[in-house]
Amino acid sequence: MALAEHLPALIVITPLSCAFMAPLLYRRHALASGYMVLLSLLITLVMSALLLLKVNREGPLSYQMGNWSPPWGIEYLADPLRLYMLVVVIAVSLWVFFYALKDLEHELRREVIGWYYTLYLLLVASMAAMTMTNDLFNLFVLMEICAISSCAIITIKQDRECLEAGFKYLILSAMGTGCYLLGIAMLYMVTGHLNFEYLQNELSTAVAIYPLNVFTAAALFIVAFGTKAALFPLHVWLPDAHASAPSPSSAMLSGLVIKIYAFSLFLILYQVFPRSLLDSLPLSEIVLWLAALGVMFGSIYAMMQKDLKKMLAYSSIGQIAIIFMGIGLDQRLALVGGLYHIAVHAVTKGMLFMAAGAIIYATGVRKISDLAGIGRAMPLVLAAFTIGSASMIGIPGTGGLISKWYLALGALEIGRSLFVLVVLSSSLLNAIYYLPIVINAFMSEEDFAHKVNEVPKMLQLALVIGMIFIVVAGVFPRPLILLLGEAVANFF
Amino acid sequence: MAEKTVVAIQIIIVLFPIIMAPVIMYSNRISDKLRNGLSVLTAAFTFVLTMTLYPFIKNGGVVQHSLFEIIPNLEISIRLDLLSFSLASLASFVWLLATPYSLAYMSKEHACGRYYPVLIFTLGSCQGIFFAGDLFSLFVFFELMSIIAYILVIHEQTEEALKAGYKYLVMTIIGGLALFFGMIIIFELGGTVSLGVGPIIQEESVLGLVAFICFLIGFGMKAGMFPLHVWLPDAHPVAPSPASALLSGIMLKTGAYGLIRVVFFVYSFQLLHAFDWDDILAVLAVITILLGSAVALTQTDIKRRLAYSSISQMGYVLLGLSIFNTNAITGAIFHIFSHAFMKSALFLAAGSIIWKTGKRNIADLRGIGHQMPITMGCFALAALSMIGIPPLSGFLSKWTLALGALDVGMPGFVLVLLISSLLNALYYLPIIIPAFFELPGELTIKHHGDVHHEPRIKIEEAAPLMLLAIVLLASCTLFFGLTPNNIAYGLSRLTAAFLLGGGGL
Amino acid sequence: MEMLSRLIHNYFYLAAIILFVIGMHTMLTHSNMVKKVIAMNIMDTSVFLLFVAIGYVRGGKPPIIDGIGETLYVNPLPGALILTGIVVAVSISAYALSLIIKIQRAYGTVDCDEICQIRGDE
């Protein structure tokens, strides 16, 4: 079938085209507009899954945009690894949108919700394309789309905090893309290519002639993606931005957006830079140490927070660092762990933000100390929060354990037990700040002091789906792990 | 019995209580009676099912069966051998008695709708620990049980309970992480964590030692081993009494069980012995024994005293485990049995006293033997057994342990056992003697008169269901001590031979 | 000496890097938001400059094939890329400026430090 050949393009085009229809439809019929967005995401998800199946069966697929063949045209590459990320992106977006449908009415003014849909779909489309693109410059353009739309879903709330946080995010992210563009220029200068594959071939010889250019480019890339993905110590923008945003935006930003940059850095490190360069330069070592610091500091900062969403935001810094550790350890099993953690943490943090959002929705409470006894008032929401916390800690039966298992195993395999301890202490630190909330919510003697409104069914359903995801990720991870294991095998 | 049937029965034993827990939780909405009935039925059914495995075990059967793979080379599997059967039958027996006891005890407590499902769920996860066929499954159930038991610990929801519970939870998570670390090292070194492939670690290495210490931390924490016992004296007394009985009587043993598995199935004990890694265990065990007893002396709350006593008694088990010969291992395993009976009886009896009179302070218990003769009689029996008076079961286990220590020429250990028994006597007798030979505090004034007449004290016993459990447990200590050819001792001896013989491989 | 001659030979690299550093420095250190946006544009422009300079071939003709056998063309690709880049940079600037207006309305200032102070006082 002709359409099947164009799946990579269609996956990007579907949300993109719906993005511009949504606000138009919203004026006439608000509900239909929401369902159209939901439907478009569902269709995208089905297409991504089909593509994944196809690629798994027939091998990687290269798609040339507009039939311009590389190295000049833009190539989209669909291999199992990228499609794994794609499916995670689309599935989580669909799930978060499910939650957003009801929650937004509460958080935003009615007339901007239609525009929120536009931004949301733009974000999804740009992230979907970022997973597949095989071209550095195209990646730059997509990163900018992603940056604008992710800033905009924060500032759309238009209160003082959001505006300031959004601006800070925008400026730092512009600095990141500036560095990235300079890095591209450095590589283009010495190779004349922008396509990943051609670059890798050229670079293995170009390193010898222009080492300085290549090294600078590598450093710039780490700074660029480090800023965008909130790698310690470039994380300063994250807590304000993620905490002040509307809850669905927080779930998207903490759940997916920071991960897509980590994933892009991973692709560039492993698919653009030749293996010999990676071995000779301490690139992964730098990432690794920054990540280890991030794990510790993210958790420690999180412990000091009084605001629930701020705490979750800081916790994201620690968790993204876990993913970076998987990349930095430069070992097959650790990489599997890191990549698996992308999916696990996307769902977990998404769900925690949703639970926090549901609490705010129903009671208006944001402070951690005010949550005493809330578990008896809102059992389902807090059950979701508990499962999310369990996955953060890595309790058996949740996805968090599996990713930590692989990370620790990978670190041990190359004899770096120190980083095993970092992974374990991250679990312990998470326990120290997540558990008191859960205990206080369920076991506190005093009853919840605030009025509790009913949480809409849609929100509850979204939380239930999240819980199921997490448990399935902890009990049946085998197919995914096998897929990831095979996908990363050729990097080593 | 075919292997398939055995596996199926085991799965039911583990899953049935876990599935029943939400059912019981739901039935709470319908009626209290239904909830209570279901809880007792579940416990009874689990016990009966566990006992049906006995014929298979008696014939020396061993089952190792992999259920499904979670990630490559890491699976959930099930195992049945002498050791797992011994502990599983013991656990289900004590649960069977503690659940009906709870019916009476909990009638005065709040939040029963939460208590029973949790109680039954822990039974399932506990059986899961004993039936786990590899370290990973063991770890999963171990964590599951530990975390769910938290709800039992903080049941009263007082500030004290919450504080103790938090300590318990944090220690549990630290222990869990240590186990996780140890397990990963084993997986890295041996490529498997299965308990069915014989000793995984055959060679000495630094990582191997690190893993061994991690296991000591993880399982030792649960078993109340020094210096990781700090949570225990806080957590056990604050729980409702039937829960304390289970925490002290059974759940402590999961730690010891884990260590036995590690010593014999993960490492080869020859290796441990050759490189003196067992000495770590022995030293910690001796400190645990003496420290637990010494601190118990200073406690004034009866349940706290019992909790410290548990620490010292678990030290015996660990000590037996650090000496690799038949007598010592038999003693250790038999002590698991006898301590489960004794300590459960003691906690349940103490619970009855608290339930009936509200007295927790040991000084207030004078003359209680007149008021509650059966309860206190059982308490006395169990306490004497704890001290090691023949012909009670405590004596038999200590005797066997001492024999084991002498076999390897370690009279020092015998001395430790004797000192500890003396200490046991010092802190148990002051409870028992005043209870029977003095009069209750409010009646003593009458003594000052010249005319000496016995005041009549009304006998007020605890509820029959509670008495039943206490009497049964106390008579177990008598029965298993009186007849050295009993089933528990026989199982212990068989198990010891089985473990030293290489675990039936 | 050789280093120096290489630098002089490639003076446009130097210009681009200097501009880039000026932009980045201003962006991170100045507290005025409008200046930050201007700095962002300087930074982007410097990279565009570098890109276009890379594509230039000395003595090359515009890459329009007119059938007369010319062989030396200027590389057209960087130009095309930079056009895209400029569009992106303009949209980011527009968005940032609109945000500044909103912030000015909310806080009454466009100075980051003052905003921090206002938020600290709250």
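Residues numbered from 1 in each chain as written. Chains lettered and ligands numbered in written order. Predicted model: local features only at pLDDT ≥ 70, side-chain atom pairs only at ≥ 80, totals over all residues. Heavy atoms only, no water.

Time to look at the overall build of chain A. When its secondary structure is counted, chain A shows 21 helices and 2 strands. Relative to the compact-globule value of 23 Å for 492 residues, chain A shows a C-alpha radius of gyration of 22 Å, a close match. Each principal axis of the C-alpha distribution contributes one length, and for chain A these read about 70 × 55 × 45 Å. Per-residue burial for chain A yields a buried fraction of 69% across its 492 residues. (Helix = DSSP H or I, 4+ residues; strand = E, 2+ residues; numbered from the N terminus. Rg over C-alpha atoms; globule rule 2.2 N^0.38 Å. Buried < 20%, exposed > 50% of the residue type's maximum accessible area, 1.4 Å probe, protein only.)

Within chain B, the regular secondary structure consists of 20 helices and 2 strands. For chain B, the C-alpha radius of gyration of 22 Å lies close to 23 Å, the compact-globule estimate for 505 residues. Seen along its three principal axes, the alpha-carbon backbone of chain B occupies a region of about 80 × 60 × 45 Å. When the 505 residues of chain B are sorted by exposure, 64% land in the buried category.

All chains considered together, the criterion is met by 18 salt bridges over all chains. A salt bridge links Asp234(B) to Lys167(B), with the shortest nitrogen-to-oxygen separation between them at 2.6 Å. One end of the pair, Asp234(B), is in helix 9 (residues 232-238); the other, Lys167(B), is in helix 7 (residues 159-190), with 67 residues separating them in the sequence. Residue class for Lys167(B) comes out partly exposed when judged on its relative accessible area of 35%. Several salt bridges share partner residues, and in doing so they unite Lys168(A), Asp240(A) and Lys310(A) into one network. (Salt bridge = Lys/Arg side-chain N within 4 Å of Asp/Glu carboxyl O.)

With that settled, the discussion passes to the interface of chain B and chain A. Listed per partner, the contact involves 31 residues of chain B and 34 residues of chain A. The junction of chain B with chain A conceals about 2,900 Å² of combined surface from both sides, 81% of it contributed by carbon and sulfur atoms. Taken together, chain B and chain A are joined by 1 salt bridge. The salt bridge involving Glu69(B) is made with Arg478(A); its shortest N-O contact spans 2.5 Å. Taken together, the connections running from chain B to chain A amount to 3 residue pairs in polar contact (both at pLDDT 80 or more). Mapped by element, the contributors of at least two residues to the side of chain B that touches chain A are strand 1 (63-71), helix 6 (135-153) and helix 7 of chain B. Sorting elements by how many residues they give to the side of chain B that touches chain A places helix 7 of chain B first, with 13 residues. Tallied by class, the residues present in the side of chain B that touches chain A amount to 25 nonpolar, 2 polar and 4 charged. (Contact = heavy atoms within 4.5 Å. Buried area = accessible area lost by both parts, 1.4 Å probe. Polar contact = N/O pair within 3.5 Å; in protein donor to acceptor, adjacent residues only side chain to side chain. Nonpolar A, V, L, I, M, F, W, Y, C, P; charged D, E, K, R; others polar.)

One can find Thr227(A) in helix 9 (residues 211-228). Apart from the residues within four sequence positions on either side, Thr227(A) is in contact with Leu172(A), Met175(A), Leu234(A) and Trp237(A).

The next thing to look at is the interface of chain C and chain A. Each partner contributes to the interface: chain C provides 38 residues, whereas chain A provides 32 residues. Summing the contributions of chain C and of chain A, the shared interface buries around 3,300 Å²; its carbon and sulfur component is 80%. Considering only the side of chain C, the residues that lose the most area to chain A are Phe51(C), Tyr95(C) and Arg119(C), jointly responsible for 17% of the buried surface there. Viewed at the interface, chain A and chain C are joined by 1 salt bridge. A salt bridge links Glu164(A) to Arg119(C), with the shortest nitrogen-to-oxygen separation between them at 2.4 Å.

All names here are of chain B. Positionally, Ser309 belongs in helix 13 (residues 302-322). Sequence-wise, Ser309 and Leu291 are 18 residues apart; in three dimensions their C-alpha atoms are separated by 9.6 Å. In contact with Ser309, not counting residues within four places along its chain, are Ala296, Lys343, Met386, Tyr427 and Tyr428. Reaching out from Ser309, the side chain makes a polar contact with the side chain of Lys343 at a distance of 2.9 Å. There is a polar contact of 2.8 Å between the side chain of Ser309 and the side chain of Tyr428.

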